[in-house]
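Coordinate inspection notes
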Amino acid sequence: GDSVTQMEGPVTLSEEAFLTINCTYTATGYPSLFWYVQYPGEGLQLLLKATKADDKGSNKGFEATYRKETTSFHLEKGSVQVSDSAVYFCALSLYSSASKIIFGSGTRLSIRP
Amino acid sequence: ETGVTQTPRHLVMGMTNKKSLKCEQHLGHNAMYWYKQSAKKPLELMFVYSLEERVENNSVPSRFSPECPNSSHLFLHLHTLQPEDSALYLCASSLRGRLKEAFFGQGTRLTVV
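Here goes a summary of the coordinates provided. (Residues numbered from 1 in each chain as written. Chains lettered and ligands numbered in written order. Predicted model: local features only at pLDDT ≥ 70, side-chain atom pairs only at ≥ 80, totals over all residues. Heavy atoms only, no water.)

1. Let's talk about the sheet that holds strand β7 (residues 64-70) of chain B
Within a beta sheet, neighbouring strands are joined by backbone hydrogen bonds and run either parallel or antiparallel to one another. All names here are of chain B. Cut-off, in case you're wondering: Paired strands, in this sense, are two strands between which DSSP finds at least two bridges. The secondary structure listing takes helices from DSSP runs of H or I that are at least 4 residues long and strands from runs of E that are at least 2 residues long, numbered from the N terminus. All axes here are fitted lines through C-alpha atoms, helices being fitted over the stretch that makes contact, and every angle between N-to-C directions spans 0 to 180 degrees.
With antiparallel pairing, the 4 strands of this open sheet are ordered in space as β1-β3-β8-β7. Among the strands making up the open sheet, the edge pair consists of β1 (4-7) and β7. Neighbouring strand axes in the sheet, compared pairwise and without regard to direction, differ in orientation by 20 degrees on average. Note: β7 against strand β8 (residues 73-79), 5 bridges, orientation antiparallel. Residue pairing across strands places Pro66 opposite Leu76, the latter belonging to β8.

2. Structural notes on the layout of surface pockets
Using a probe with the size of a water molecule, rolled over the atoms, empty space left in the structure can be pinpointed. The line we're drawing: Cavities and pockets were defined on a 1 Å grid built from protein atoms only: a cavity is a group of points that admits a 1.4 Å probe but offers it no way out, a pocket is an open group of points flanked by protein on both sides within 12 Å along at least five of seven lines, and a lining residue is one with an atom within 4 Å of any such point. Grid points are joined across faces, edges and corners, and a volume is the space filled by probe spheres set on the points. Residues are grouped as follows: Ala, Val, Leu, Ile, Met, Phe, Trp, Tyr, Cys and Pro are nonpolar; Asp, Glu, Lys and Arg are charged; every other residue, Gly included, is polar.
Roughly 790 Å³ of internal volume is contained in the largest pocket. Lining the largest pocket are 31 residues; nearest its centre among them are A:Gln38, A:Val87, A:Arg108, B:Gln37 and B:Lys40. Elements with a contribution of two residues or more to the lining of the largest pocket: β10 (86-95) and β12 (107-112) of chain A together with β9 (87-94) of chain B. Element by element, the count of residues in the lining of the largest pocket is highest for β12(A), at 4 residues. Of the residues assigned to the lining of the largest pocket, the class counts are 11 nonpolar, 13 polar and 7 charged.

Set out below in structure tokens:
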């Protein structure tokens, strides 16, 4: 079935370190791919998206490229800040009779000052 | 503020109680979702409504009963819950189609005692 697999956390980094959170997917159709972020006590917010192969989504210094050949959508940021501490979810969206959005298990990121 | 509002934010209920969670969006979306977020578990898709018709029910116990009276409102009716149902319940909405991202409410933190 359709699924998303992302690296388990928690991930702890120092401020200004380079970040990579891996995400791979399995889908029966041609999905759109998303990264969402959840700050403490809040719901999920869209961070970035890509809707076709080789698209690069970017926002707030975060980037992810839709790699169809490796079915991956890894999240990267060149220099993390303490304010980036949150839980990050990779997700895919498929459409048949209705929209269906499937999430990975989430990766908790903690940034040390 | 994402445009999706959930009430109440917190709810404590006994196992014999009946309560309802409410979700409201005025973004012009035509698909709405209920997700369950438990500690140390992936985000679970519970129900999907598309154009006010339920199109997805992921083997959710009958003690959870969704209702979508119109495209702007979604309810989750709860009765005779179990302590393991304690979780954060997230509502989301989107436009139909694989290109469209979901917008989430802040969630209702439910505790069953």
